[in-house]
Amino acid sequence: MSLATDPYNLIVCGVGGQGNILIARLIGRILANNGYYLAIGETFGAAQRGGSVFSSLRISKTRTYGPLIPNGAANLIVSLEPLETLRMLSNFGNEKVVTISNTQTTMPVGVLAGRNEYPTEEKLRGAIEELSQRALFVPATDIAVELGAPIVSNIVLLGALLGAKLLPISEEEVKEDMRSTFPAGKLELNYQALQRGIDTVA
Amino acid sequence: MSDQKSKTAETEKVFLLGNEALVRGALEAGVNYASAYPGTPSSEIIERLSRVAKERHLHVEWSSNEKVACEGAAAAAVAGLNSLSAMKNAGLAVALDFLTHASLTGLGDQGGSLVVVVCDDPDAHSSGDETDSRWQARFAYAPMLEPTSVNEAREMIRYCFDLSREYGCYVFLRSYTRLSHGSSIVELGPLPEATVGQAHPDCNAAVNPYLGKVHHQLALDRLDKIKEVFEASKFNQHFGPEDAELLVIASGNGLSCGQEALDMLGLQNEVGVLKLATLWPFPVELVRKHAKTAKKILILEEVDPVVEVLVKDALNGTEAAQVQVLGKESGHVPMGGEITPDRALDALCKITGKIYQGPSEAYQAKLKEVTEDILISRGLTWCPGCPHRGSFWALDKAIKAEGGEVFVTGDIGCYTLDVFPEGKCQMNMLHAMGSSIGLSAGLGQMHKFGWDKPVISICGDSTFYHAVLPGLVSAIYNQSNLIHVVLDNDATAMTGFQAHAGVGYNAVGDDAPRIDVVKLCEALGVPVTVADPFDLRGTTKALRELIAQKEGVRILVLRRTCELVRMKAEKTKPHKVVVNQDKCKGEECGTCYSKFRCPALLKDPETGKASIREDACPGCGVCASVCPFKAIEIQEVAK
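Residues numbered from 1 in each chain as written. Chains lettered and ligands numbered in written order. Predicted model: local features only at pLDDT ≥ 70, side-chain atom pairs only at ≥ 80, totals over all residues. Heavy atoms only, no water.

## Comments concerning the overall build of chain A
The line we're drawing: Helix numbers and strand numbers start at the N terminus; a helix is a DSSP run of H or I with at least 4 residues, a strand a run of E with at least 2. Here the globule rule is a power law, 2.2 Å times the number of residues to the power 0.38, and the radius of gyration is based on C-alpha atoms. Only protein chains enter the accessibility calculation, which uses a 1.4 Å probe; a residue is then buried when its area is under 20% of its type maximum, exposed when over 50%, and partly exposed in between. The contact rule is simple, with two residues in contact once any of their heavy atoms fall within 4.5 Å. Residue burial considers only the protein chains on display, and all accessible areas are found by Shrake-Rupley using a 1.4 Å probe. For the purpose of charge, His is not counted, nor are the chain termini; Lys and Arg are scored as positive and Asp and Glu as negative. Each charge is placed at NZ for Lys, CZ for Arg, CG for Asp and CD for Glu.
The helix and strand tally for chain A stands at 8 helices and 6 strands. Ordered by position from N to C terminus, the α and β elements of chain A give β-α-β-β-β-α-β-α-α-β-α-α-α-α. Computed over the C-alpha atoms, the radius of gyration of chain A is 16 Å, within 12% of the 17 Å expected from 2.2 N^0.38 for a compact globule of 202 residues. Referenced to the eigenvectors of the C-alpha coordinate spread, the extents of chain A come out at roughly 50 × 40 × 35 Å. Classification of the 202 residues of chain A by burial places 63% in the buried group. Across chain A, the fraction of contacts at a sequence separation of at least 24, relative to all contacts at a separation of at least 6, is 66%. Total accessible area on chain A stands at roughly 7300 Å², and carbon and sulfur atoms take up 50% of it. Separation between the mean location of the 17 positive side-chain charges and that of the 19 negative ones in chain A comes to 6 Å.

In structure tokens form, the structure reads like this:
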């Protein structure tokens, strides 16, 4: 499988603490092992507590690109929170972009404080669909809660990304990376989360 | 994790974070001593070094502040070792008093080296400001280099150690968020054998600046020599046609942004690119040489027009003086902020008249239409279970009881989030590390000028050791009237839970003396009160009692471990928290979700009643004491 375009621009986004960096780097390591040139741009640090966070991945067969994606130039957005999908679309969206979004919402504190209103599911979903060539919605957190570990929502979503067959990485490569980077005791749970994610798309 | 790969040379290319690439390069250069105070985006440098400290026989420490860190590292260099200090832009300002002297005197003649890594934060992603450290190299008479990519960072820091050793002066390596926190593939060099460095300071040495004029001239002479080296440096490179009419001069992240923008406009074969990595002393001849055939020069850099000013200066009075130098000062690139591919595109389009076709107008119109009403912002806030939410809740109550007439000064840490819209917005003034107490000490003298309202300053535990202690001593000595609150959460939480003098262990995880905030303050001879910030009523009461005392310095230590640190250690929720839907008054009240605003609280869009988001709630249970109707119930969880 090869890249749809070169460079291929992937965004992994969510709310601080959801684990977007973990899956972005995992994807990065595998692609680097597979001979792709790669750069990831991130902002992290506690200033992101509860705020919007995203990693940008620049993937190429020919050279190392800079870490920042030009406006309107994302190919794929993988998002742990649907409002964040929309936020990324507003900066990086275009006619051909594909989005994969977790359905679980995380309320901004401004909503709890009564200053803002979070969009209805129908409106938010409609907007994402309207702005994506293809929009997938995955109940990643629901599945993770079923597995008894909300923390693996990101791995369920990673599974959905594998299932959608949009990147030149395989399930076996992901598991291999997990074996060398995750604690042994957590592997089985993460394998399950990955499989459940794959199943949502297959 | 990827950093584990940095320990071995088996793989030639590995995927590393920019800060990990710097660590790798430092290890390849044989670093022996490394010290820093944490600060985003620099913190991972010392963190990663600490993980290999024992096997590589390194001394790695979290120092109390950046000045102390640089002094320790410089001393190691004077003793003949290879040393490193790392800091964020704000930290450099703290260290500069020492560093300005250190570049005058040099590092002695024992063959040691010192590289000072300063990580700027253009766009201030995780900082109070985006101060551009590049100006400081000239100010401090110190050489400075800046990598353009993660891969180059490894090689460049190695070179900086060599340069430092050869010229007997410390060398700045300037990083920035997109480098330090970017990841890419790095080609590794060989690691030297792990040996114990041998210190040999010269006990007859005279490394001091008191021959001021002489040293000044020596520093200038040294820079002259280094300038000649930089004129021919392999880190400065020219790409594209030599005789182009348009030349792009790019530093740091400006290079990748510029090259991408040129590709997007199909200009890569028409425009020359000069990559400038040696920022100070500035390679004047190199710039003049490449400017000869150019009619226009576009400078791509971040934050301030540093290179732009230096290029103009270099061309002034030469035959290239007629070349138009474009960039921030000409308005082609906005002043301040990061350089991005879009900023580079925009500038190139303005200059060449080319047009870049992004997403269609129809798409952009649709985007505006469907996002306009619903794309709400996501403000920063404290984590669920954060002790600061309790501290500021109690502070709010105490200040309201005083009729709001209290002046509050803040400091730098997670509690800084108070000033954001989702905080409690209690801090009236907020500046640098340690400024809380300096400011309150001044305000605490205003009773002499007709104003005697209560003054409260707030800092965290790590900040207390960093820069509050001298201010506190000064305030006590000068008999200011103030209450100083230390939010002691057992961590340098904001930058990622690094160790500090109060936690009882050190950077490499060994037991260390625990310097207790309470005992230290008591030894200063002032009254110290200790409270748990989740005892909301008790904390409010303590504050009110301290306010009532009116005179002298009074200290309140609010002690509760950072929830993220606690959860990592204990891995359990202490309570199950539920909202009794019969007792909850919904929007009529809304105290918990609209005022206390823990992100684990939910509001039912239909009924307005509160509930708990199971996957986010850490089970601290403090919300139960916030509810006026006792609707939030907590049940102990069996351990």
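## A word on the packing of aromatic side chains
Heads up, the rule is: In this analysis, rings of Phe, Tyr and Trp, with Trp reduced to its six-membered ring, are considered paired at centre separations within 6.5 Å, and the interplanar angle assigns stacked below 30 degrees, edge-to-face beyond 60, and tilted for intermediate values.
Taken as a whole, this structure holds 6 aromatic pairs over all chains when the rule is applied. On the basis of an interplanar angle of 55 degrees and a centroid distance of 5.8 Å, the ring pair of Phe54 of chain A and Phe92 of chain A is categorised as tilted. Of the two residues, Phe54 of chain A is situated in strand E3 (residues 52-60) and Phe92 of chain A in helix H2 (residues 82-92); the sequence distance between them amounts to 38 residues. Given a relative accessible area of 8%, Phe92 of chain A falls into the buried group. Relative to Tyr465 of chain B, the ring of Phe464 of chain B lies with its centre 5.6 Å away and its plane at 90 degrees, an arrangement referred to as edge-to-face.

## Observations regarding the interface of chain A and chain B
Short version of the rule: What makes a salt bridge here is a side-chain nitrogen of Lys or Arg within 4 Å of a carboxyl oxygen of Asp or Glu, nothing more. Pairing of N or O atoms within 3.5 Å defines a polar contact, subject to two protein rules: one partner must be a possible hydrogen donor and the other a possible acceptor, and residues neighboring in sequence count only if both atoms are side-chain atoms. Any residue outside Ala, Val, Leu, Ile, Met, Phe, Trp, Tyr, Cys, Pro, Asp, Glu, Lys and Arg is labelled polar, Gly included; the first ten of those are nonpolar and the last four are charged. Two strands are counted as paired when DSSP detects at least two bridges linking them.
Taken residue by residue, the interface counts 68 residues in chain A and 60 residues in chain B. Our enumeration of links across chain A and chain B arrives at 5 salt bridges. Counting every contact that joins chain A to chain B gives 17 residue pairs in polar contact (both at pLDDT 80 or more). Sorting the residues of the side of chain A that touches chain B by element identifies helix H1 (20-33), strand E2 (37-42), E3, H2, helix H3 (109-112), helix H4 (121-131) and helix H7 (171-181) of chain A as the ones contributing at least two each. Partitioned by chemical class, the residues of the side of chain A that touches chain B number 31 nonpolar, 23 polar and 14 charged. In this sheet, strand E8 (residues 182-187) of chain B lies alongside E2 of chain A in antiparallel orientation, the contact comprising 3 bridges. Among the inter-strand pairings, Gly41 of chain A is bridged to a residue of E8 of chain B, identified as Gly182 of chain B.

## Examining empty space enclosed by the protein
It is the rolling of a water-molecule-sized probe over the atoms that shows where space remains empty. Residues and elements named next belong to chain B. The following threshold applies: Method remark: on a 1 Å grid restricted to protein atoms, a set of points is classed as a cavity if a 1.4 Å probe fits but cannot get out and as a pocket if it is open with protein on both sides within 12 Å along at least five of seven lines; lining residues have an atom within 4 Å of a point. Grid points are joined across faces, edges and corners, and a volume is the space filled by probe spheres set on the points.
Per the stated rule, a full pass over the model turns up 5 cavities of 30 Å³ or more. One number sums up the size of the largest cavity: a volume of about 130 Å³. Around the largest cavity, the lining is made up of 17 residues, and of these Gly385, Cys598, Cys620, Val622 and Cys623 lie nearest the centre.

## Section: the sheet that holds strand E9 (residues 237-239) of chain B
Residues and elements named next belong to chain B. What counts here: To get an axis, fit a line to the C-alpha atoms, keeping to the stretch in contact for a helix; angles then go from 0 to 180 degrees between the N-to-C directions.
In spatial order, the strands read E9-E11-E10-E13-E14; together these 5 strands make up an open sheet with mixed pairing. Across the chains shown, the open sheet's two edge strands, defined by having one partner strand only, are E9 and strand E14 (324-326). Across the sheet, the mean angle separating the axes of adjacent strands is 20 degrees when strand polarity is ignored. Packing of helix H13 (residues 341-352) onto the sheet brings it into contact with strand E10 (246-250), strand E13 (296-300) and E14, and relative to E13 it is tilted by some 170 degrees.

## Focus: unusual backbone geometry
Cis peptide bonds are those with omega within 30 degrees of zero, and the linkage from Asp6 of chain A to Pro7 of chain A qualifies with 5 degrees. In this structure, Pro7 of chain A sits in the segment before strand E1 (8-15). At the junction of Thr40 of chain B and Pro41 of chain B, the peptide bond is cis and its omega measures out at 10 degrees in the coordinates. Along the chain, Pro41 of chain B falls in the loop between strand E2 (33-36) and helix H3 (44-51). At Asp490 of chain B, a position not held by glycine, the phi torsion is positive, near 65 degrees. On the secondary structure map, Asp490 of chain B appears in the loop between strand E18 (482-488) and helix H18 (517-523).

## Some remarks on helix H16 (residues 435-443) of chain B
Structural remark: α-helix, 3.6 residues per turn; residues separated by three or four positions point the same way. Of the residues making up H16 of chain B, those classed as buried are Ser435, Ser436, Ile437, Ser440, Ala441 and Leu443 of chain B. On its buried face, H16 of chain B is in contact with strand E15 (407-410), strand E17 (455-460), helix H17 (461-477) and E18 of chain B.

## Describing the pairing of strand E7 (residues 171-176) of chain B
Residue and element names in this part refer to chain B. What counts, and what does not: A right-handed crossover is one whose linking path, passing over the helix from the first strand to the second, runs clockwise when the strands point away from the viewer.
A large share of E7 lies buried, amounting to 6 of its 6 residues. Going residue by residue along E7, you find Val171, Leu173 and Ser175 tucked away on one face and Phe172, Arg174 and Tyr176 tucked away on the opposite face as well. Note that strand E5 (residues 113-120) and E7 share 6 bridges and pair parallel. Bridge pairing in E7 links Cys119 to Ser175. The pairing of strand E6 (residues 144-145) with E7 spans 2 bridges and is classified as parallel. The residue of E7 that forms the bridge with Leu145 is Leu173. In the classification by handedness, the crossover that spans E6, the intervening helix H7 (residues 150-167) and the parallel E7 is right-handed.

Everything listed here is a matter of coordinates, which is why it stays silent on function.
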